[in-house]
Amino acid sequence: MDGFPPGVVQRGLPLGDYRIIVRDKQLVPVGQIDEYIEFNAVLKFCDTGQWTLKVQADRRNTRLLQPGCGILVYREGVPEPIMSGPVQGIQKY
């Protein structure tokens, strides 16, 4: 074992099904990222967390990720977003 409780990913979020919604600069939802390679997030109580999302550049909804936009992350069974944040950088592979 790696010292983490069962069901907890080393990088932060517990295992589960997540829905990632992209929002525009005016905070209006514009679409959903249906496929991603990897999503890592660190949530901090009363502090700024961080997240990274790795997607294939040739996927349909990848174009939604633009400078100035942000994401909302929902976990299955939780009605409110568990986190949100702006896109601060984009690296294409």
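Here, every reference points to the structure presented above.
Not measured: the values here are computed from a predicted model.

Chemist: What's the story with the environment of Val73 in this structure? I'm lost.
Modeler: Among the secondary structure elements, Val73 is positioned in strand S5 (residues 70-75). Measuring from C-alpha to C-alpha, the distance between Val73 and Ser84 comes to 6.1 Å, with 11 residues separating the pair along the chain. If near-sequence neighbours (up to four positions away) are discounted, Val73 is found in contact with Tyr18, Arg19, Ile20, Phe39, Pro81, Ile82 and Met83.

Chemist: Would you mind going over the layout of surface pockets with me for this structure?
Modeler: Take a probe with the size of a water molecule and roll it over the atoms, and the empty space left behind shows itself. Put simply, the largest pocket is a space of about 920 Å³. Together, 32 residues line the largest pocket, and Trp51, Thr52, Leu53, Val87 and Gly89 are the ones closest to its centre. For the lining of the largest pocket, the elements supplying multiple residues, two or more each, are strand S3 (38-42), strand S4 (50-54) and strand S6 (83-86). Classifying every residue of the lining of the largest pocket by side-chain character gives 12 nonpolar, 13 polar and seven charged.

Each value, and the rule that gives it
- Residues numbered from 1 in each chain as written.
- Predicted model: local features only at pLDDT ≥ 70, side-chain atom pairs only at ≥ 80, totals over all residues.
- Heavy atoms only, no water.
- Helix = DSSP H or I, 4+ residues; strand = E, 2+ residues; numbered from the N terminus.
- Contact = heavy atoms within 4.5 Å.
- 1 Å grid on protein atoms, 1.4 Å probe; cavity = no way out; pocket = protein on both sides within 12 Å on 5 of 7 lines; lining within 4 Å.
- Points joined across faces, edges and corners; volume = space filled by probe spheres on them.
- Nonpolar A, V, L, I, M, F, W, Y, C, P; charged D, E, K, R; others polar.

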